[in-house]
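One-letter residues, chain by chain:
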Amino acid sequence: MSMGSLSDSDDDFNPEINTTPLVDVMLVLLIIFIMTIPVMNHAVKIDLPRATNQPDDVKPESINLSIDAAGKVYWNDEVVDRNQLQVKIAVAAKKEPQPELHLRAERTTEYEKIAQVMAAAQSGGLGKIGFVTDPDAK
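So, here's what we can say about the structure. (Residues numbered from 1 in each chain as written. Predicted model: local features only at pLDDT ≥ 70, side-chain atom pairs only at ≥ 80, totals over all residues. Heavy atoms only, no water.)

1. Details of the sheet that holds strand β1 (residues 62-67)
Reading across the sheet, the 5 strands line up as β3-β2-β1-β4-β5 and stay open at both edges, with mixed pairing between neighbours. Each of the sheet's edge strands pairs with one partner strand only, and the pair in question is β3 (78-80) and β5 (129-132). The average undirected angle you get between the axes of adjacent strands in this sheet is 30°. Two strands pair when backbone bridges link them, and β1 and strand β4 (residues 100-105) are joined in this way by 6 bridges, in the parallel orientation. For L65, the partnering residue across the bridge sits in β4 and is L103. (Pairing = 2+ DSSP bridges. Helix = DSSP H or I, 4+ residues; strand = E, 2+ residues; numbered from the N terminus. Axes fitted to C-alpha atoms, helices over the stretch in contact; angles between N-to-C directions.)

2. A short note on the packing of helix α2 (residues 82-93) against helix α3 (residues 111-124)
For the pair α2 and α3, the least separation of the axes is 9 Å and the interaxial angle reads 40°. As the angle between them shows, α2 and α3 are arranged oblique. α2 and α3 meet at a crossing whose hand is right-handed. Only Q116, V117, A120, A121 and G124 of α3 make contact with α2, whose side of the interface consists of R82, L85, Q86, I89, A90 and A93. In the contact of α2 with α3, the residues fall into 7 nonpolar, 3 polar and 1 charged. (Parallel < 35°, antiparallel > 145°, perpendicular 65-115°, else oblique. Left-handed = near helix turned anticlockwise from the far one by under 90°. Contact = heavy atoms within 4.5 Å. Nonpolar A, V, L, I, M, F, W, Y, C, P; charged D, E, K, R; others polar.)

Next up, the structure:
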């Protein structure tokens, strides 16, 4: 008695992989790539413009508006009265970009004077108002 499979047929089992279909597919792909690569290399040369990505940050000018203890208003170290102040505010509000108003007042200045200047700036169209303080002043 010999040991064998359940089937008594003498078919030999061949464990080798048939690589013929694999070679056929690889040859077809090679031919396709050989045909398409020259087509991809034919391109029109164009001289494109170069762009920079640096933002154009234009810093707005600042207006130094000072009020002394007596209530005098100084526009960039120049004394102005109420009418001149409104004209200068209207001109500054039309500038692009709109300038920043830096408001500086002495400690003994009446709040009413500061409020009047702020109201004039707001009604004139200036939206950016900053307060400048001196922490060392006593």
